[in-house]
Protein chains: 2
Amino acid sequence: MSERIEASYLIETPFDLERACDVMAGEQSCGTFTRLAAETDELREQHAARVESIEPLEDVDSPSLPMPTRPQPPGTRYRRARVRLSWPLANCGTSLATLMATVAGNLYELKEFSGLRLLDLSVPDAFADAWPGPQFGIQGTRQLTGIDSGPLIGTIIKPSVGLSPTQTADVVAQLLEGGIDFIKDDELQANGPHNPLEARVDAVMPLVREHEQRTGRKVMVAFNISGDLDEMRRHHDYVAAAGGSCVMVAVNAVGLSGVSELRRHSALAIHGHRAGWGMLSRHPLLGIDFAAWQVFWRLVGVDHLHVNGLDNKFSESNDSVTASARACLTPLFQPPRPAHTVMPVFSSNQTACQADATWRAVGGVDDLIVTAGGGIMAHPDGIAAGVRSLRQAWQAAALGVDAAQYGREHPELARALEAFAP
Amino acid sequence: MSERIEASYLIETPFDLERACDVMAGEQSCGTFTRLAAETDELREQHAARVESIEPLEDVDSPSLPMPTRPQPPGTRYRRARVRLSWPLANCGTSLATLMATVAGNLYELKEFSGLRLLDLSVPDAFADAWPGPQFGIQGTRQLTGIDSGPLIGTIIKPSVGLSPTQTADVVAQLLEGGIDFIKDDELQANGPHNPLEARVDAVMPLVREHEQRTGRKVMVAFNISGDLDEMRRHHDYVAAAGGSCVMVAVNAVGLSGVSELRRHSALAIHGHRAGWGMLSRHPLLGIDFAAWQVFWRLVGVDHLHVNGLDNKFSESNDSVTASARACLTPLFQPPRPAHTVMPVFSSNQTACQADATWRAVGGVDDLIVTAGGGIMAHPDGIAAGVRSLRQAWQAAALGVDAAQYGREHPELARALEAFAP
């Protein structure tokens, strides 16, 4: 592994590609174009960002992002390219906040660009030593839940917001009875006055504990503790004291330093929700790819990260979802450090129908959390049948057996395929 | 003030506007379109987001954001509208993290939209009671620096990254000698191994203290302490112990909970840098307007917020810069709470030339920090003349005197106008 930080970008510019890349590199390190007396050759040699490669792509005839302050003459072509920049570790050390300001900071505003998106990021081994990474990750989550193989089958409590603690517990009771592995709060449901976190824990956890004593099954409930740090630590401790195994945070809303501090405090798995992700990623020529974004949260140490799902109800393509899940499952360092694995979480419109395609898309692994709403609750034979249908679909996928064929001996799967066929 | 949270959005959709707005409201509250048994009329009445108004704007013939999973037939029109949604305070209480997930969360990914941008946000008075707001703000920053009128004239230490602590101190010595009011680290310069924060404070602060003893002028230095919480608290304390008055954080990189925790710990002014802002705002049909974004950071309690500058080197228009600065200066609550004012920070390509236009753009106030690089360092008669030229330009603006005319009796201004004329 190099001692330099490397980042790849998709860019679009009406200017000469080399010149535009020099502007990027200058803006994000010593500043190339207004050279000052103090910017010696030695300083530049040691600290300037380097343009490692420029791979020209297609041209387009209109800018992807408006360029309000410098309209280009008619007929201007906008060149796209994939470029790789690198920085010495000396510039920001292993600080993730400064790394973020370096690879995803002011450069988005540069008027030389009509498109700029961070695609990928690799960091030196020093980051692996400086950051804890996930405390539980894939193996730890399996141990906490006692589920050795297959994805964790989960759901999100709905309606998203508005249930009282008692009503939440009623939903949880049905889900436990149905044999679910994983339950999570919605990202809109944290500590609102109508359903305070502690009251919800008080209502839900006795059911979870009683269920474990009765069945031996340790259902994981991700309580949404997103908030200020004192609040998150207090709520983490409350969940832990009640026998819980997981807390959830909306990572974009809480931010890097807050999630990092929670990780250092935490004895529980941290479920990372990515609410707001569309703002960072929805335009293909702006923002950040999941592959780069997840590096920060894995180093900080969340154990699970949301990746949407195949055939979801949102605007994201299946290719993008697949790439995100694979990113979570790809080691950040070579040789791999087991502690840095993170479990991808599938959600949105998921039923038994997507199991086979998902299995194949992620490369034949099932170290996943698969959350389904309607795919469980709206199964014609009820919640338990919905949960079983998902397990059966994943068994079929792992066995390489066609789902319809597997359904002949697994009626819940057959019914689900019929009910939820696209 | 209403007891509801209100947010305005610019949307674009190929669907019926009312239907699309119902999808937004549903996704961000109880979920309207897949109504569950537990979603009673009472629950909806109390917790559903409400579409308060829909103001149709122009139609366009191609989508602003790609809609990969549902291509529309040729000839489809994309309707734009300004819409206002509201939520009961009961849903998220005064949690800023949950507010963020509510008003700027999953909705960006909805496939019903080819454009969605959060424009504005207003919150009930309960938020004013729950959050500290800026500790110093405009008046406190004036007190800390002893500058009663006119903008604080400042600069950013350059090269951005690569100077040693001693080299940084050499630059600071020149700036102090030149009569500057405010000096800040670049956002790329925090605690890298080549220039650790504590070594930089050790090198810089004796000069600042000596300068104060000699001249009575309390120059504010914003040391960039962005990082993990332990690190930020330790560095804050180090700056405070050395007699400093300000710390800087890259708010997007540190995040809401981290900045909030720093605010609760802090005895110093918090200078909020917005590195990464372009990612959130550069596309006009995606992301978030500054007016909405700044609500979060003001409540959390930063004292200064960057707003770019007129005729800047980036892609942002002067109208957008003006709107951002005005947002900082507009009370969040009625009646206004003085503690919630924040000082806008102008930067990027600033010289004496923009003073008059900036003064007029922000409505005839000078409660600002104006940072200039070349506008100070590259003044033909040196740094002191550069600083004086900016002060003179702002005096002329406040007096309503034409800058060129004022320059006849103020040679530094005259030379600046000549040197930096666009």
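As annotated in an unreviewed UniProt entry, chain A carries the name Ribulose bisphosphate carboxylase and is attributed to Halomonas huangheensis. Its UniProt record gives chain A the following Cofactor (unreviewed entry) comment, quoted word for word: "Mg(2+)". Check the Sequence similarities (unreviewed entry) section of the UniProt entry for chain A; it says "Belongs to the RuBisCO large chain family."

Remarks on the interface of chain A and chain B
The partner chain B presents 85 residues to the 85 residues of chain A that form the contact. Summing both sides of the interface, chain A and chain B together bury roughly 6,800 Å²; the carbon and sulfur share of this comes to 59%. In terms of surface lost to chain B, no three residues of chain A exceed Glu109(A), Met279(A) and Arg282(A), which account for 12% of the buried area on that side. Taken together, the connections running from chain A to chain B amount to eight salt bridges. With a closest N to O distance of 3.1 Å, Arg264(A) and Asp228(B) form a salt bridge. The tally of links between chain A and chain B comes to 30 residue pairs in polar contact (both at pLDDT 80 or more). Of all the secondary structure elements, the ones that give two or more residues to the side of chain A that touches chain B are helix H2 (41-47), helix H3 (89-92), helix H4 (96-103), helix H9 (229-241), helix H10 (251-254), helix H11 (256-265), helix H12 (277-281) and strand E10 (286-288) of chain A. Per-element accounting of the side of chain A that touches chain B gives the leading share, six residues, to H11(A).

Digging into helix H7 (residues 165-177) of chain A
Residue and element names in this part refer to chain A. The terminal C-alpha atoms of H7, which comprises 13 residues, lie 18 Å apart, in line with the 18 Å expected from a rise of 1.5 Å per residue. Buried within H7 we find Pro-165, Thr-168, Ala-169, Val-171, Val-172, Leu-175 and Leu-176. End-on, the buried residues of H7 take up no more than an arc of 160 degrees, which puts them together on one face. Exposed residues on H7 whose side chains face more than 90 degrees from its buried face are Thr-166 and Glu-177.

Parameters at a glance
- Residues numbered from 1 in each chain as written.
- Chains lettered and ligands numbered in written order.
- Predicted model: local features only at pLDDT ≥ 70, side-chain atom pairs only at ≥ 80, totals over all residues.
- Heavy atoms only, no water.
- UniProt positions renumbered as here; feature names shortened; annotations may be inferred.
- Contact = heavy atoms within 4.5 Å.
- Buried area = accessible area lost by both parts, 1.4 Å probe.
- Salt bridge = Lys/Arg side-chain N within 4 Å of Asp/Glu carboxyl O.
- Polar contact = N/O pair within 3.5 Å; in protein donor to acceptor, adjacent residues only side chain to side chain.
- Helix = DSSP H or I, 4+ residues; strand = E, 2+ residues; numbered from the N terminus.
- Expected span 1.5 Å × (residues − 1).
- Buried < 20%, exposed > 50% of the residue type's maximum accessible area, 1.4 Å probe, protein only.
- Arc of directions from axis to C-beta.

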